[in-house]
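Results of the structural survey
Chain by chain, the residues:
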Amino acid sequence: MRPLQAEIIETLGVQPTIDPATEIKRSITLLKDYLKQTGLKTLVLGISGGQDSTLAGKLAQFAVEQLREETGDGEYQFIAMRLPYNEQADESDALAAIKWQEADKTVTVNIEESVLGVVHELEAAGVPVTDFNKGNIKARERMIAQYGVAAAYKGVVIGTDHAAEALAGFYTKFGDGAADITPLYRLNKRQGRQLLAYLGAPATFYEKVPTADLEEDRPGQPDEVALGVTYDAIDDYLEGKEVSEADALQIERLYTSTEHKRRQPVTVFDQWWR
Ligand SMILES: NC(=O)c1ccc[n+]([C@@H]2O[C@H](COP(=O)([O-])OP(=O)(O)OC[C@H]3O[C@@H](n4cnc5c(N)ncnc54)[C@H](O)[C@@H]3O)[C@@H](O)[C@H]2O)c1
Ligand SMILES: Nc1ncnc2c1ncn2[C@@H]1O[C@H](COP(=O)(O)O)[C@@H](O)[C@H]1O
Ligand SMILES: O=P(O)(O)OP(=O)(O)O
Ligand SMILES: [Mg+2]
């Protein structure tokens, strides 16, 4: 195995093979124990209609149902958030995911006005805002809305970061990368699919092409196009398998260039960036 590959696998805690039932229980236990320990009552998560939030939301719903049953405390709840930018092309997928999750409650916040407000004020101040930059502003407005709900209902915000995204730093810093708890962390993309299949999710939920769908110039752009490498290659790499030299170099370039996203803000005590 390549030396950096071994280091990344160790850092992200990825296993080459998993038992889905064990990993489902592990994630649910984390969510339950965290709520019990902190005294908080609500799990909050944006549901996009993609694989990761479909899985994380189902685990969240299981966690609060079990807590209600075990403690008799009916305050435990899961709030699924719809966070469209105006109208979302795959709105029906998001609604189908929430239905399958049997989420306790759905809160919808259209982020368009707040995004356009920030973009407008930036431009009025002479700051150019590219479509790509605006895409990251959308992800950050979703974060703001989720924290608004968490604050109102004694909640924590769930993040859907998993090993394949964490490796690539493939999220908006302090946008979808900001969260209080990340139950999918350690799983690669195909292991997430395995969990959904085990849970009996319709195959359409996990066969869907992953997309951040943030850019208006490239609607629904597949993650794999933006990443320059396939999730299959990233997953193989994370499972300690051999991948082509070109894929390994691209994966390691992504990992190295996004180190700042996996760290706390730099202080005078930090040396990792030197
Ligand atoms: N599918 C997904 O999970 C998903 C979701 C959102 C975004 N994305 C993708 O993630 C990427 C986000 O874009 P991005 O990474 O350019 O934006 P970002 O905002 O996440 O990160 C860039 C910012 O990080 C800071 N930064 C950059 N280099 C730094 C360094 N060396 N040290 C400390 N801070 C540094 C700067 O403030 C910079 O503006 C895009 O490729 C986007 O498509 C993917
Ligand atoms: N349109 C959306 N509605 C609700 N939540 C969303 C939406 N788009 C993204 N999210 C949340 O952000 C994460 C990351 O999404 P990526 O597709 O990986 O960029 C997603 O899991 C949702 O929780
Ligand atoms: O984070 P999601 O739910 O949008 O999944 P994907 O990354 O597969 O789009
Ligand atoms: Mg998505």
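What you see as residue numbers is a count from 1 along each chain, following the sequence as written. As a convention, the first chain written is A and the first ligand written is 1, with the rest following in written order. Under the rules for a predicted model, residues below a pLDDT of 70 receive no local features and side-chain atom pairs below 80 are neither given nor counted, while totals for whole chains, interfaces and linings still include all residues. To obtain the side-chain values, all non-hydrogen atoms of the structure were used and water was disregarded.

Looking at an unreviewed UniProt entry, one finds the protein chain named NH(3)-dependent NAD(+) synthetase, with Weissella paramesenteroides ATCC 33313 as its source organism. Database annotation for the protein chain, UniProt heading Catalytic activity (unreviewed entry): "deamido-NAD(+) + NH4(+) + ATP = AMP + diphosphate + NAD(+) + H(+)". Turning to the protein chain, the UniProt annotation filed under Subunit (unreviewed entry) states: "Homodimer." UniProt positions are given in the numbering used here, feature names are shortened, and annotations may be inferred rather than shown by experiment.

The next point concerns the UniProt feature "binding site: ATP" (unreviewed entry) in the protein chain. If you check UniProt for "binding site: ATP" (unreviewed entry), the listed places come out as Gly46, Ile47, Ser48, Gly49, Gly50, Gln51, Asp52, Ser53, Thr160, Lys189 and Thr211 in our numbering. Labels follow the DSSP assignment, with helices taken as runs of H or I lasting at least four residues and strands as runs of E lasting at least two, numbered in each case from the N terminus. Positionally, Gly46 belongs in strand E1 (residues 42-46). Only protein chains enter the accessibility calculation, which uses a 1.4 Å probe. A residue is then buried if its area is under 20% of the maximum for its type, exposed if over 50%, and partly exposed in between. In this structure Gly46 comes out as buried when scored by relative accessible area, which is 17%. Any two residues whose heavy atoms approach within 4.5 Å at even a single point are treated as in contact. Setting aside chain neighbours within four positions, we find Gly46 in contact with Ser53, Met81, Leu83 and Gln146. Mapped onto the fold, Asp52 is located in helix H3 (residues 51-71). By relative accessible area, which is 10% here, Asp52 ends up buried. Discounting residues that sit within four places of it in the chain, Asp52 has contacts with Thr160, His162, Glu165, Leu184 and Lys189.

On to the pairing of strand E2 (residues 77-82), then. For E2, the buried fraction is high: six of the six residues fall into the buried class. Because side chains alternate across E2, one face comprises the buried residues Gln77, Ile79 and Met81, and the other comprises Phe78, Ala80 and Arg82, equally buried. Any two strands with at least two DSSP bridges between them are considered paired. Relative to E2, E1 is paired through five bridges, and the arrangement is parallel. Paired with Leu43 across the two strands is Phe78, which belongs to E2. Across four bridges, E2 lies against strand E3 (residues 105-108) in parallel orientation. Residue pairing across strands places Ile79 opposite Lys105, the latter belonging to E3.

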